[in-house]
Amino acid sequence: MKIAILGKPFNDTIAPYIQTLFDELQRRKAELCLVEHFELFLKNTINLPTGIETFRRGDKLKDVDVVLSIGGDGTLLDTVTYVGAQQIPILGINTGRLGFLATIPYDSINMALDALYKGHYTLDDRALIRVDSDQEVFDGINFGLNEFSILKRDTSSMIVVHTYIDGEYLNSYWADGLVVATPTGSTGYSLSCGGPLVLPQTNNFVISPVCPHNLNVRPMIVSDKSVISFEVEGRSSSYLAALDSRSTAVDMNLQLAVRREAFVARLVRLNHVNFLSTLRSKLNWGFDKRNSQIK
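For the protein chain, the name recorded in an unreviewed UniProt entry is NAD kinase, with Pontibacter oryzae as its organism. Looking at the protein chain in UniProt, the text filed under Sequence similarities (unreviewed entry) is "Belongs to the NAD kinase family." Its UniProt record gives the protein chain a comment under Cofactor (unreviewed entry), which states: "a divalent metal cation".

J.: Any details on the nonpolar core? Residues and values, ideally.
T.: Counting 53 residues, the largest nonpolar core has I5, I18, L21, F22, L25 and V67 as its most contacted members. Here this core gathers at least three residues from each of two domains, domain 1 (2-120 + 271-283) and domain 2 (128-262). The residues contacting L25, other than those within four sequence positions of it, are I3, I5, A30, L32, L68, L113 and Y117. One finds V131, V217, V232 and V258 within the second-largest nonpolar core, a separate group that totals 27 residues.

J.: Lay out the UniProt feature "binding site: NAD(+)" (unreviewed entry) in the protein chain with the relevant residues and their values.
T.: Within the UniProt annotation, "binding site: NAD(+)" (unreviewed entry) is assigned to D73, G74, N146, E147, D176, T187, G188, Y189, S190, L191 and S192. Their sequence span is 120 residues, while the largest C-alpha to C-alpha distance among them is 24.6 Å; these annotated residues do not converge on one region. Checking the annotated residues one by one, the ones that line the largest cavity turn out to be T187. One can find G74 in helix 3 (residues 73-83). Residue classification places G74 among the partly exposed positions, given a relative accessible area of 42%. Mapped onto the elements, E147 comes out in strand 9 (residues 147-151). Residue class for E147 comes out buried when judged on its relative accessible area of 7%. Leaving out residues up to four positions away in the same chain, E147 has contacts with I129, V179, V180, A181, G185, Y189, A242, L243 and D244.

J.: An account of the environment of F38 is requested, with residue identities and associated values reported.
T.: By the element assignment, F38 lies in helix 2 (residues 36-42). In this structure F38 comes out as buried when scored by relative accessible area, which is 1%. Between the alpha carbons of F38 and I5 there is a distance of 8.5 Å; along the sequence they are 33 residues apart. When residues no more than four places from it in sequence are discounted, the contact partners of F38 are I5, L6, G7, K8, P9, F10 and I70.

The rules behind these values
Residues numbered from 1 in each chain as written. Predicted model: local features only at pLDDT ≥ 70, side-chain atom pairs only at ≥ 80, totals over all residues. Heavy atoms only, no water. UniProt positions renumbered as here; feature names shortened; annotations may be inferred. Core = buried A, V, L, I, M, F, W, Y, C linked by side-chain atoms within 4.5 Å. Buried < 20%, exposed > 50% of the residue type's maximum accessible area, 1.4 Å probe, protein only. Domains from an automatic or database assignment. Contact = heavy atoms within 4.5 Å. 1 Å grid on protein atoms, 1.4 Å probe; cavity = no way out; pocket = protein on both sides within 12 Å on 5 of 7 lines; lining within 4 Å. Helix = DSSP H or I, 4+ residues; strand = E, 2+ residues; numbered from the N terminus.

So, in structure tokens, the structure goes:
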């Protein structure tokens, strides 16, 4: 099996588990390739096997069977931008905190590898959101797994986001911003803005205003077959456009629209893990002493 690995620096308490990961992969004679910046960190932290290839963003991950993302959900979001249209399965190993996407605890690495090699997993195809604009905004990586956001600058007053669905006027949002989330992103920024939780397999976008001026404005679910376009105005000459964890200041005159990307992010889901159990665990649903009395 050929395995690509991406990750972010971790603390000393995690290092023995990552050492176990590489020792086990070496024992299984896996062919490994590491993203360059992570390889620089690892070689000063653990004992790496010899003969590991390295790669950069934009490189073709030729013949790679699976990509391991070591970190939190942010690391997995970044991993999606490396994989792109290649649609290589991604397995998230969680060395962070919340972990809606990186669902494998770092102390369960051996179990996860065993399941991976035995084929005891399924693949979750997750919809991506694509941004189209009349000027390059995100350095050619104009897709994301969670959400696209339009946000006011830190020191500016609120903005007005005139929003259209398939060319038809929807609303003018007087707010600090607007989030358009995929079903996967419904547990992220959109949720903190009061948006609904949406099952990953549903074919929807969630439009959620950020701190709207009009309190009767509520999040809205629309079909992901729609093209959602925007015109932004405000007292400032620019605003922030964000795609997952990547953001940049753009001019008010920029033409922007979002739609569903033609390809998907393919996440590895081990057979004992599902979205509903993850929701219960991460959101602490049912953690009430009264529930212990219910049979």
